[in-house]
Each structure stands twice: as C-alpha cells, then as structure tokens.
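# Coordinate inspection notes
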Amino acid sequence: MNTGCTRTGGYRIGFRRGWSDWQRDLPALADWAKANGFACLDVGNDGLDSIPQVVKAGIAVGTVDLGQWRELISPDKAKRAAAVATQADYIRRCAVLGAKSFFVVMLPEDAVRSRKENFGYMVESYAALAPTLEQSGAQVVIEGWPGPGALCCTPESLREFFKEVPSMAMGVNYDPSHLLRMGIDPIRFIHEFAARVGHVHGKDTEIFHESLYDFGWEQSSTLANGHPFGGHFWRYTIPGQGCMRWTEALRVLVKAKYTGYISIELEDGNFNGSEAGEKDGLLLGKHFLEAC
C-alpha cells in the first residue's frame, strides 16, 4: 500500500519539516517527500522563501508558521500592535503564494504573569488579525503544546477563546499527542472541536502506566530519567505506536467535512537522530495512517 492517503476519509498525508541536517536542504527534502508519496510539507516562519520552493517540487504547503508568537501575547501594548501589523502583512504575502493555514502555539512573552491576564492580550491580538485572515481566505491553526504558560491547550481555554474571537479564521491544529500526555480524551476533544479543525498533526503518545503510578501526573521523578521526546510516564511517538484511536478520529473528521491534510510531526526517540532513522519514522507513520 502506498496511496499517500488515509483509508478513512482519503486524507492526504504529509509531514512537518524538522530541524536535522538532512532536512535543511529544502528542495532536496521536498523532492524526497514527493518521491515517497507525501502530499505536503509544513514549513516554518520563513514562508516567503520556503513556499515557492515546496510548490516548485510539485507538492503542497500544509502549514506555515506564524511569527512573533510571544510578541503577540506581550504585556506591552505597543509591542503587540507592532506584531499584529507585521504578521498581518506576512499573512497577506504568504496567502498570495498559496498558504492558507498559519500554525501557532499560544506562548506568552511573560509566562509568569497570570493566565487570565495573558489570555486577554491574546484575545486582543488575534481579534485584530482576524479580518486579515478572513480577507486572505486563511486561518490560524492553534496547536495545544503545553509549553511554559501556553494558552489554548485545553477544552476550557479553547472554548472561551472561540467565544471571545468567534471568527472562523481561528482554528485548531488537532494534535492528539499533547492531549494524551495531559490526560484529555482526544476523541471527545475532536467531537467538540471538529468544526474548527483546520489541520491535523500525525503524532501519537505512549503512556507508561506503571510509571504513571510511580510518579503521577503532576511531578517528575526524583531519581529516574525521563524518555526522549517525553516525560517520566509518557513519550511522543509516530502514529500507531501510541494510544491514539486514529480511525475513530478520522470518522469524526469525515462527518465534519474536514478537507485538509494530516502532517506527521516526527518527535520519537526511536527514530530521531539520524537521516536513515528519521526517514524510516516518516515512512512507517505514513504507512500506518494509510491503513487507518
């Protein structure tokens, strides 16, 4: 099987560009992706340079990173306004080149400030960006990586954000790996937010239940070492080697009329670290998703 699409829903499969040496040569990376049946590449905040190179190789751009994540959630009003203006221009210019999904993690500039205060700054900035996104036919897709002070990682905060900024230009990057590590049911989550899903990350999480008993959710170990790309009771994996029920989630996306990509985000200690290992991880993740 080498369809390049999921069995359920026929969703095209791509991957997110990584940081290792072999992935720095973008034209060569895009050529390898196309030769191996991948449909898209997700790129960083260098969209004006990277989009034409990916398109030239004959594959699509899945997401482009929005820039200035922290400046957009700064306590400094002038800094927020400047970031909004810069990113609005970036969105318009990237959209002309074909980018429609702008990836973001809601990381505040000052993670020590109260979450409620940073939430207000976030709402102000993204409400200001919404008209540009709407006019460009584009969408911000929010990944819920629970980094320092990160917002919009949980159903509670996403629900409230969409009340405050109701524009459909605000969307979700559905990445079940982060939900699983936080103890949030990824299937219930996708039922609630399916209409907002603008992009999907193909990444999974393995939970070590014996370790969870030893350490719990809240504290790290005193003596034991954690897992690469993980913590003491969990680790990120390629699709199919964790706890995620992928076919069930795909059925929900079909019902919601999702039409986007599934991009493998390779963060797996069994594969990262060498060119051969990373290529194997991407291909194995793709083959698994094709069967879902």
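Before reading further, recall that the structure is shown in the block above.
Residues numbered from 1 in each chain as written. Predicted model: local features only at pLDDT ≥ 70, side-chain atom pairs only at ≥ 80, totals over all residues. Heavy atoms only, no water.

## Description of the sheet that holds strand S5 (residues 139-142)
An order of S1-S2-S3-S4-S5-S6-S7-S10 is seen for the eight strands of this closed barrel, with the pairing classed as parallel. Strand after strand, the sheet turns through a mean of 30° between neighbouring axes, direction not considered. As judged from the three bridges shared by strand S1 (residues 13-16) and strand S10 (residues 262-264), these two strands associate in the parallel manner. Its bridge partner being in S10, phenylalanine 15 is matched across the sheet by isoleucine 264. Against the sheet, helix H2 (residues 47-56) contacts strand S2 (40-43) and strand S3 (60-65), and its axis sits at roughly 170° relative to S3. (Pairing = 2+ DSSP bridges. Helix = DSSP H or I, 4+ residues; strand = E, 2+ residues; numbered from the N terminus. Axes fitted to C-alpha atoms, helices over the stretch in contact; angles between N-to-C directions. Contact = heavy atoms within 4.5 Å.)

## Examining the pairing of S3
Judged by how many residues are buried, S3 sits mostly within the fold: five of six residues are covered. Examined bridge by bridge, S2 and S3 share three bridges and lie parallel to one another. Paired with cysteine 40 across the bridge in S3 is alanine 60. (Buried < 20%, exposed > 50% of the residue type's maximum accessible area, 1.4 Å probe, protein only.)

## What to know about helix H11 (residues 275-291)
Helix length check: H11 (17 residues) gives 25 Å between terminal C-alpha atoms against 24 Å at 1.5 Å per residue, within 8%. For H11, the set of buried residues is Gly277, Glu278, Lys279, Gly281, Leu282, Gly285, Lys286, Leu289 and Glu290. Tucked into the core, H11 has its buried residues touching S1, helix H1 (26-35), helix H10 (246-255) and S10. (Expected span 1.5 Å × (residues − 1).)

## A word on the environment of glutamine 68
Relative to the elements of secondary structure, glutamine 68 occurs in the loop between S3 and helix H3 (69-72). Sequence separation between glutamine 68 and glutamate 109 is 41 residues; the distance between their C-alpha atoms is 9.6 Å. Here glutamine 87 takes part through its side chain, which lies 2.8 Å from a polar atom of the side chain of glutamine 68. (Polar contact = N/O pair within 3.5 Å; in protein donor to acceptor, adjacent residues only side chain to side chain.)

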